[in-house]
Structures are given as C-alpha cells and as structure tokens.
Amino acid sequence: MGLNAHASAFAPPTASDGLTPVIGPTREALKAALKERGVAGFRADQIWKWVYQRGVTDFAEMSNLAKDLRAQMAAEFSITRPEIVQDQESVDGTRKWLLRMPDGQEVETVYIPEDDRGTLCVSSQVGCTLTCKFCHTGTQPLVRNLGPAEIVGQVMIARDALGDWPSGKEDRRLTNIVMMGMGEPLYNYENVADALRIVMDGDGIAWSKRRITLSTSGVVPQIRQCGAELNVNLAISLHAVTDELRDKIVPINKKYPIAELLRACREYPGVSNARRITFEYVMLKDVNDTPADARQLVRLLRGIPAKVNLIPFNPWPGAPYECSSAKTITAFGDIVAAAGYPAPVRATRGQDILAACGQLKSESQRERAAAKLKAIQAQRKAEAEAAAS
C-alpha cells in the first residue's frame, strides 16, 4: 500500500461532538475557523498562547478575551485532552499513561526521568503496521493513525501531570521528546509533522528541534521529507547488519534495504559530529550480537556521524527472543566504540510496568484478547456440558 493510500485508509476520525478543536489545527487553520465566526485573527494568537504556552483547559481562564467571546468559544470550540485511563509509575520513576481517544481507541505514552533530562516517548499510531519481530507493539495490528491533536495531547497531558506550565518555566521536568512510542511515525508523516510544528512553535510549547528525536524503521522517502521540512534529530531502528536478517526481523527492509536507508542517512540535513544520527540496535541472543556483526556495523556506518544505542532486549509474554548476555553486549559495544562511534547501553526503564523499549501495547488490545479467550473457553464449556447432558 502506498503512503497516500495508507494515510487515507488509516486516517484519524473527525470530531463527533460538533465542536471545533483548538488543539491540533495549525495556527492558520485556527485563524480561519475564527474568521468564519466573525472573530478577529489576532484573537487566534491570544488563544494559541493560552492553550500551548499556559496550558489552560478552560476558556474562562483566558482573561484577555472579552467575556462574550469566552462564552462563544466554550459553546463552539473544545480544548480537551485525551482521557487518562491509567497512570502507572515504575519503581525507577518511569511513568506511563494509558490514554483513550474520543473514539475509544487507546495508546500509551511514557515519561523517563534522568539526572540531566526528562524524556517523553510519544506514540504516533494505534498499533503498528510494521510487525518487527522483537517488538510487542508490532504484535498489535494497526488500527489507525493518530491526529495532530492526539499527538500533541500526549505532550500536554505529561506537562499537566509534571507541573511544567508555562512553557518558559526554567525548572521544567520534561525537556526532550522522542517519537518512539507506538507506531511508525513516518507512515503517519503529515499528522506527525503538523504536531511537531505545533510543539516547536515559538509562541506555544516552544521546543527546539534539537530536543526532538524522530525514530523510524526506515521509510526512506519520508526520511528525506522530514529532513527538508522539520530537520529534527533522526534515529534509525537498524537492529541487523545484513539484508537477509533485517528482512526477517524488520520487514520494511524488503522495501527499503540497508544500502538505500543509509544513503538517506548520509544525505540528512545538518548531520555532524555535534548532531549525530542515532542507530538503535536491540541485542538479541545468538541472532545479531556476534563480534562479526559489530565489525560489519562499523563498516556500514563509515562516513556517517553516528552513535549506536545498544538496547538490551526487553521480554514480553510470548516473545520469540532472549536478551544477549551482559558480557556479549559489552564486547559488542567495545568494538563499535573503538571505531569512534559512541555505543552506550540503554538502561532498561519501566520494565515492571511494561513501559520499556518495545513493550508498549494498548491495554484495550490486551483486554480484548483476554475477553476473546474467555468467551471461547466459556463456549467450549457450554458445548461440553450440553454434550454431556
């Protein structure tokens, strides 16, 4: 399926409550919606700042708007966030929110606190289309893309919970965004791009592009588009050093093989030793973790300013792989680092709440699977009892 057909087939739903959303549309679209209702364009800039800079959730708080305009906005527009279904905190401080969208679909987003930063892992789709063999999210079929409001909404909910409003707050806890949650961001490029433009808008959330990282499994045409239009940091889910293996564990490689993927990386704008591309490499026991694999990885990356994140495989129920041993991971990393590429081992965070890398899967999918199994078991029991009588 082509990207245009994919975007159409899995498009997010439109608002069903009759209200025009403020969160999600571009500033120009918001101005147009207000103009249709006879409201001056400069009011859109004021509303934009209240919503994205101050984080307000009630039009009544917009004190520089006339009272009758606030009433009109409340009657015709909405500034609602996704619903928080579950808020879990790991023993290591990692926090995961299960969020429900207006149509009932659910996604997960994760906040990871560290000594020098706080990172939010944001989802871009309900489920995923790529079926990478080591990823729990990949076992959940793609339901639909998330819209800009649903993507930005994850950031806003995290800032609500962490007390990070207003945007210019110096001691904010959330400092970085990674598009590494559920889904493949570049298969939902237009919605992701609109959301990130809102996040980077200087009059709103005001995040620097250098604090935003987009991770892709290798949708080559949109890597180039992302570089030209957004130029955020790039991360590549590589995980294998031969097309033969990567075809198996990252199936998109059949469409965009390693050589083509790395060519797009070499051409990505602004790449330098000060702004490296991150290559993510999950360590799978006896699959991709030999010294020969490490040496081949070094050869593949030659000439690309890069760092390699070595990710210990995070198990999930029914996973077909095991994690490489600590000794194996260290030996692999030493070879890569000796060639001049930083190769840190990513610390596993939030594993006790299934918030670690590759573990995200919406609770609704888990519950539906469990309910289906329970219904099958009940039916079989009833059939057995009927046969016995």
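Just above, that's the structure.
So, how was this worked out
Residues numbered from 1 in each chain as written. Predicted model: local features only at pLDDT ≥ 70, side-chain atom pairs only at ≥ 80, totals over all residues. Heavy atoms only, no water. Pairing = 2+ DSSP bridges. Helix = DSSP H or I, 4+ residues; strand = E, 2+ residues; numbered from the N terminus. Axes fitted to C-alpha atoms, helices over the stretch in contact; angles between N-to-C directions. 1 Å grid on protein atoms, 1.4 Å probe; cavity = no way out; pocket = protein on both sides within 12 Å on 5 of 7 lines; lining within 4 Å. Points joined across faces, edges and corners; volume = space filled by probe spheres on them. Nonpolar A, V, L, I, M, F, W, Y, C, P; charged D, E, K, R; others polar. Buried < 20%, exposed > 50% of the residue type's maximum accessible area, 1.4 Å probe, protein only. Contact = heavy atoms within 4.5 Å. Right-handed = clockwise from strand over helix to strand, strands pointing away. Lys, Arg positive; Asp, Glu negative; His and termini not counted. Salt bridge = Lys/Arg side-chain N within 4 Å of Asp/Glu carboxyl O. Polar contact = N/O pair within 3.5 Å; in protein donor to acceptor, adjacent residues only side chain to side chain.

1. Remarks on the sheet that holds strand β10 (residues 212–216)
Here comes step 1: Reading across from one edge, β3-β4-β5-β6-β9-β10-β11-β12-β13 is the order of the nine strands in this open sheet, with mixed pairing throughout. Unpaired on one side and paired on the other, β3 (83–89) and β13 (306–312) mark the two borders of the sheet. Taking the axes of each pair of neighbouring strands and ignoring which way they run, one obtains an average angle of 20° across the sheet.
Here comes step 2: Judged from the six bridges that link them, strand β4 (residues 95–100) and strand β5 (residues 106–113) form a sheet pairing that is antiparallel. The residue of β5 that forms the bridge with Lys96 is Val110.

2. Focus on the layout of surface pockets
In this approach a probe as big as a water molecule rolls over the atoms, and the regions it shows empty are the leftover space.
Here comes step 1: Estimates place the volume of the second largest pocket at around 720 Å³.
Here comes step 2: Pro13, Ala15, Pro21, Pro102 and Ala149 are the residues nearest the centre of the second largest pocket, which is lined by 28 residues in total.
Here comes step 3: In terms of residue count, helix α5 (residues 148–162) provides more of the lining of the second largest pocket than any other element does, three residues in total.
Here comes step 4: Split into classes, the residues belonging to the lining of the second largest pocket amount to 14 nonpolar, seven polar and seven charged.

3. Some points on the pairing of β10
Here comes step 1: For β10, the buried fraction is high: five of the five residues fall into the buried class.
Here comes step 2: Of the two faces of β10, the one lined by Ile212, Leu214 and Thr216 and the one lined by Thr213 and Ser215 are each fully buried.
Here comes step 3: In terms of strand pairing, strand β9 (residues 176–179) meets β10 through three bridges, oriented parallel. By the bridge assignment, Val178 is partnered in β10 with Thr213.
Here comes step 4: For β10 and strand β11 (residues 233–237), the ladder comprises four bridges, and the chain directions are parallel. In the strand pairing of β11, Thr213 is matched with Asn233.

4. Thoughts on the environment of Leu301
Here comes step 1: Tracing the sequence through the fold places Leu301 in helix α10 (residues 291–301).
Here comes step 2: Not counting residues within four places of it along the chain, the set of residues in contact with Leu301 comprises Arg266, Phe279, Ala306, Val308 and Tyr341.

5. Regarding the pairing of β11
Here comes step 1: With five of five residues buried, β11 lies mostly within the body of the structure.
Here comes step 2: Burial along β11 is two-sided: Asn233, Ala235 and Ser237 facing one way and Leu234 and Ile236 facing the other are all buried.
Here comes step 3: Note on the crossover from β10 through helix α7 (residues 220–229) to β11: the handedness is right-handed.
Here comes step 4: Pairing of β11 with strand β12 (residues 277–283) involves three bridges; the strand directions are parallel. The partner of Ala235 across the bridge, within β12, is Thr278.

6. What to know about the side chain of Arg275
Here comes step 1: Tracing the chain through its elements places Arg275 in the loop between α9 (258–266) and β12.
Here comes step 2: Among buried charged residues, Arg275 stands out as having no salt bridge; its nearest opposite-charge side chain is Glu229, 14 Å away.
Here comes step 3: At a separation of 3.4 Å, a polar atom in the side chain of Arg275 contacts the main-chain carbonyl oxygen of Val232.
Here comes step 4: There is a polar contact of 3.0 Å between the side chain of Arg275 and the side chain of Asn233.
Here comes step 5: The contacts of Arg275, once residues within four sequence positions are left out, are Lys209, Arg210, Asn231, Val232, Asn233, Pro269 and Gly270.

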